[in-house]
Amino acid sequence: MDQQVDTSAQLVWSYMKMNHHLRPADVILVCGSNDIRVAERAVELFHSGLAPTLVFSGGRGNFTTDWEETEAEKFAAKAIDMGVPEAAILVENESSNTGENIKFSYNMLQIRKMLPRTVILVQKPFMERRTYATFMKQWPDCDVTAMVTSPNIEFEDYHHSGLNKVEIMHTMVGDLQRIMEYPKLGFQIDQYVPEDVIA
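Keep in mind that what you see is a predicted model, and the values were worked out from it rather than measured.

Q: Is there a simple way to explain the packing of aromatic side chains in this structure?
A: Working definition: an aromatic ring pair is given by the centre-to-centre distance plus the angle between the planes. Applying the stated criterion to the full structure yields eight aromatic pairs. An aromatic cluster is present here, built from W13, F126, F155 and Y158 joined pairwise through their rings. Just above the ring of Y15 sits the side chain of R129; from NZ or CZ to the centre is 4.1 Å.

Q: Would you take a moment to explain the nonpolar core for this structure?
A: Inside soluble globular proteins, nonpolar side chains tend to come together where they are buried. Core analysis: the biggest nonpolar cluster contains 24 residues, and I28, V30, L54, F56, V84, I120 and V122 have the highest contact counts within it. Considering every element that reaches this core, the biggest residue donor is helix α2 (residues 37-47), with six residues.

Q: So what exactly am I meant to see when it comes to unusual backbone geometry here?
A: If a residue is not glycine, its phi is most likely negative; likewise, a peptide bond is most likely trans. In the Ramachandran plot, N19 falls in the positive-phi region, its phi being about 55° despite a non-glycine side chain. Looking at the element boundaries, N19 is found in the loop between α1 (3-16) and β1 (27-31). Since its relative accessible area comes to 64%, N19 is described here as exposed. Positive phi outside glycine occurs at K113, with the angle close to 55°. Summarising the element assignment, K113 is placed in the loop between α4 (98-111) and β4 (118-122). Note on K113: relative accessible area 78%, which makes it exposed.

Q: What's the story with the environment of A88 in this structure? I'm lost.
A: Relative to the helices and strands, A88 is located in the loop between α3 (71-81) and β3 (89-92). Judged by relative accessible area, which is 9%, A88 ranks as buried. Note: C-alpha distance between A88 and V38 (50 residues apart in sequence) is 17 Å. Those residues in contact with A88 that sit more than four places away from it in its chain are F46, P52, T53 and L54.

Rules behind the numbers
- Residues numbered from 1 in each chain as written.
- Predicted model: local features only at pLDDT ≥ 70, side-chain atom pairs only at ≥ 80, totals over all residues.
- Heavy atoms only, no water.
- Phe/Tyr/Trp six-rings, centres within 6.5 Å; stacked < 30°, edge-to-face > 60°.
- Lys NZ or Arg CZ within 6 Å of the ring centre and 35° of its normal.
- Core = buried A, V, L, I, M, F, W, Y, C linked by side-chain atoms within 4.5 Å.
- Buried < 20%, exposed > 50% of the residue type's maximum accessible area, 1.4 Å probe, protein only.
- Helix = DSSP H or I, 4+ residues; strand = E, 2+ residues; numbered from the N terminus.
- Contact = heavy atoms within 4.5 Å.

Right under this line is the structure:
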């Protein structure tokens, strides 16, 4: 990857990360993926006392079709291995995209009469912004405060997760396009995109 492309990738990566200051919440909602470090980040937040309940959401996606268990089940198992009590974990294992992560988790919490007023979302670093924008549009209850976070990994180090830098760049460009286009389709709230990120 040449220097110009690498610089552009860093700009997009930095834009995608929202750097929210986390406060105590009612629920930590963890969006499933192929990156188990997302679950580890959620467990770190739980053990820090930031919320009493972990919701793991995710069926199988493009990169997890060969997993024996769903993303949510795999993440939940990791959390239990890391000392989270089973009673503090809820699993939603039918969703197949971010919008469904949000809607299906809402439905599950509503049935259990556990609808939160504050939510911490946990996702991969380059999907923070799209996850937040999707939540703010798709969560049926307007009276909710959301924060988003991810594993503390920089772009230069993230390719060690199994995707190389070019593949991550392509994924980020796809997410950037969704951030710009999905609000027109009613899938996300509008997000300002700086000119240098688009370029």
